[in-house]
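A look at the structure
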Amino acid sequence: DKLDPKALMARVENFEQSAKHSEILVDTMTEHIRNLEGQVAHRSELTKVRQESSSTKTEVQSIRNMLKDLSTSTYSATRFNSSALSELKHLLEKQMTRLAEEKLNTKDFADLQEKVFRMEHSMKDNRAILSDAGGPGGPQINSVVRRIILNLEDKIMVLEK
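No experiment lies behind these values; they were computed from the predicted model shown.

The rules we used
- Residues numbered from 1 in each chain as written.
- Predicted model: local features only at pLDDT ≥ 70, side-chain atom pairs only at ≥ 80, totals over all residues.
- Heavy atoms only, no water.
- Helix = DSSP H or I, 4+ residues; strand = E, 2+ residues; numbered from the N terminus.
- Buried < 20%, exposed > 50% of the residue type's maximum accessible area, 1.4 Å probe, protein only.
- Areas by Shrake-Rupley, 256 points an atom, 1.4 Å probe, with all protein chains shown as cover.
- Patch = residues over 30% accessible without salt bridge, like charges linked within 9 Å, V, L, I, M, F, W, Y side chains within 5 Å.
- Salt bridge = Lys/Arg side-chain N within 4 Å of Asp/Glu carboxyl O.

A few words now on the overall build of the protein chain. The number of helices and strands found in the protein chain is four helices and zero strands. When the helices and strands of the protein chain are placed in sequence order, the string is α-α-α-α. Residues counted as buried form 2% of the 161 residues belonging to the protein chain. Accessible area for the protein chain stands at about 15,800 Å²; split by element, carbon and sulfur atoms hold 60% of it.

Here it is in structure tokens:
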């Protein structure tokens, strides 16, 4: 068969050019791979991050559960406090109404104060009479008056029972 040396040389040159181009591409790809390897994490580091992520997920879930429990207990405590507060308000209003109804007006207080003043004045007069009865029969009068007073006190105590 006919072998054309020029065609064969052209083919060899094409193969050489193609080989050089392939070599340049391989070098470029190798450089890119080295750059990527430097930028990405290794498998062991990825495994470590996954484990940390899963432990963080479990911690977050436990915190969510705690928050849920806390919100439930806060709700019940708030409800209890609000009911206790409303009960306290009701009781306070009831006591204020009772105090307003049972309050002594000014006229009654003045009358009562006048009666107390009269009684104190009469007691002073009675004591003065008893102490002035210091004449010849004074001690006998004092003992008689004291017996009368004691008998009256006994009767008052019986009536109070």
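On we go.
Here we come to a nonpolar patch on the surface. On the surface, I63, M66, L67 and L70 cluster together into a nonpolar patch covering about 410 Å² of accessible area. Topologically, L70 is positioned in helix α2 (residues 43-102).

As enumerated under the stated definition, the model contains one salt bridge in all. R118 is the partner of E114 in a salt bridge, and the nearest nitrogen-oxygen pair spans 2.2 Å. Of this pair, E114 and R118 both sit in helix α3 (residues 106-132), four residues apart, which is roughly one turn of the helix. Of the residues examined, E114 reaches a relative accessible area of 39% and is grouped as partly exposed. R118 sits in the exposed class, given a relative accessible area of 51%.

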